[in-house]
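# Structure assessment
Below are the chains, spelled out letter by letter.
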Amino acid sequence: MRWLTSLGLFVSLAFTVTAAPRRPNIVMLLSDDLGYGDLGCYGGPVQTPVLDRLADRGMRFDQFYSGCAVCSPSRATLLTGRHHIRTGVYSWIHNDSQRSHLLTREQTLAEVLRDAGYATAHIGKWHLGLPTPQRDKPTPADHGFDYWFATDNNAIPSHRDPTNFIRNGQEVGKIQGYSCQIVVDEAIRWLQQSQGTARPFFLNLWFHEPHQRVAAPADLVSVYGEPNELTAVYSATIQNTDQAIGRLIATLDELNVTDDTLIIYSSDNGTYQASRTGGLRGRKGTNWEGGIRVPGIFVWPDAIPAGTVSHVPSGLVDVLPTVAGLLEFDTSSGPPLDGVNLSEVLTRVGDDFRRPQPLFWHLQKSRPIVAMRDRQYFIVGQPDYELSTNNMFQETWIPLIRSGGYRDFQLFDVVTDPQQSNDLAEQMPDVLSRLRVKLLEINASVMADGHDWSLQ
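Please read all numbers here as calculations on a predicted model, not as lab measurements.

## Quick look at helix H4 (residues 179-194)
- For H4, built from 16 residues, the straight-helix expectation of 22 Å at 1.5 Å per residue is met to within 8% by its first-to-last C-alpha distance of 22 Å.
- Inspection of H4 places Ser179, Cys180, Gln181, Ile182, Val183, Val184, Glu186, Ala187, Ile188, Trp190, Leu191 and Ser194 among the buried residues, and these make up the whole buried set.
- Structurally, H4 contributes buried residues whose contacts are with strand S5 (119-125), strand S6 (147-151), strand S7 (166-167), strand S9 (201-206) and helix H6 (230-254).

## Thoughts on the pattern of salt bridges
- Under the defined criterion, the tally for this structure stands at 21 salt bridges.
- Where Asp449 meets Arg86, a salt bridge forms, and the shortest distance between an N and an O atom there is 2.7 Å. Taken together, the residues Asp449 in helix H11 (residues 429-449) and Arg86 in the loop between helix H2 (71-80) and helix H3 (109-115) connect sequence positions 363 residues apart.
- Using a relative accessible area of 27% as the deciding quantity, one classes Asp449 as partly exposed.
- On the accessibility criterion, Arg86 (0% relative accessible area) is buried.
- Salt bridges sharing partners connect three or more residues here, namely Arg82, Arg86, Arg105, Glu106, Asp338 and Asp449.

## Observations concerning the pairing of strand S3 (residues 25-31)
- Burial analysis of S3 places 7 of its 7 residues in the buried class, which makes it a mostly covered element.
- Burial along S3 is two-sided: Asn25, Val27, Leu29 and Ser31 facing one way and Ile26, Met28 and Leu30 facing the other are all buried.
- For S3 and strand S10 (residues 261-267), the ladder comprises 7 bridges, and the chain directions are parallel. What sits directly across from Ile26, in S10, is Leu262.
- In the sheet, S3 pairs with S9 via 5 bridges, with the strands oriented parallel. If you follow Leu30 over to S9, its bridge partner there is Trp206.

Rules behind the numbers
Residues numbered from 1 in each chain as written. Predicted model: local features only at pLDDT ≥ 70, side-chain atom pairs only at ≥ 80, totals over all residues. Heavy atoms only, no water. Helix = DSSP H or I, 4+ residues; strand = E, 2+ residues; numbered from the N terminus. Expected span 1.5 Å × (residues − 1). Buried < 20%, exposed > 50% of the residue type's maximum accessible area, 1.4 Å probe, protein only. Contact = heavy atoms within 4.5 Å. Salt bridge = Lys/Arg side-chain N within 4 Å of Asp/Glu carboxyl O. Pairing = 2+ DSSP bridges.

See the structure below:
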């Protein structure tokens, strides 16, 4: 059963497994800082034949959004289907100086699937909080993952020969090779072992590439430029990741599970490379389209028609409710979700689907600080209070963030003006007023749920 909260905006869900006719394996692939204009299938310059073929085998979304314009909060939104501030994550997490982490009170996709009998594994970057000598924080095991092999944040010292992987709580030490290939090696081993049981699996595979510091094989770098040219190495990390994903797909084929596996591919946020946003305004760290619009590919040969493109505004916030919808889980009670079930879009190829609630973003370092997409319209606002835009989030800011308001709203039609070059606020005051009310209503709900880490 579904119902709306008193705000009339957010769908509440709790998960009770019913006898769904199919229980696919699920693979969630997430790149780090990949731009909307990077992949070949999105018109980009990088050679990505594996991901291009995946798009041809399923549905590609051309208006797909991250959960936030930076890393940790976007990942929190992906795993919970809720706005990241509700989950305790306001910005990217610095483990040594912050108390912040993904709250264990949140119900993650891994927990939903584990409770339904799935084997679950997280492999790759985590960045949602890990224990330190000074701070006791949860691990992926506390969020529903039976097995985990992860780094706290980025691969150190770079994608080449990383030294900071942890396997189920134990430091691994230096591993030779490139991060994307290392995590796929681990995923393949886990898949081969997990196939000894009758359980379906959920593999959450989060790559480090192309986040800085970048590194890639010299032969791939030479395809795009000189050895020390950042853009060339950046592109090569993406191609290297594509090749790693190809090895993973080959393993699924060898295990004879490809047709009954739902594969989702996206990025945690937009790129830091201004030339790779697909011509969109802004980049990583900003609530403009270039900072939050990302690739979105869904493949399930048994259910999703091949070679289709959806224009429905969607995002990482929709992954959890969509997986629940595809698996036909009974949804009756629980915390409010900000995402929506896209199963109708994926299985019926219906662009007449109308999203029942807007997409909403908040990031304290961004200007604009707040944004919302409703139908074709995109509204942004500036804070009505002073706050440093330094890269490092300060938890002492939380009371001001939760109580602060917004001013200087702008309005764009991102269907006709995806570059957000024409502010319609003065031309369409009624639309602006209506969306402003809706934005403030969502904001109030999100902030009411926000955890205040400064009190601890």
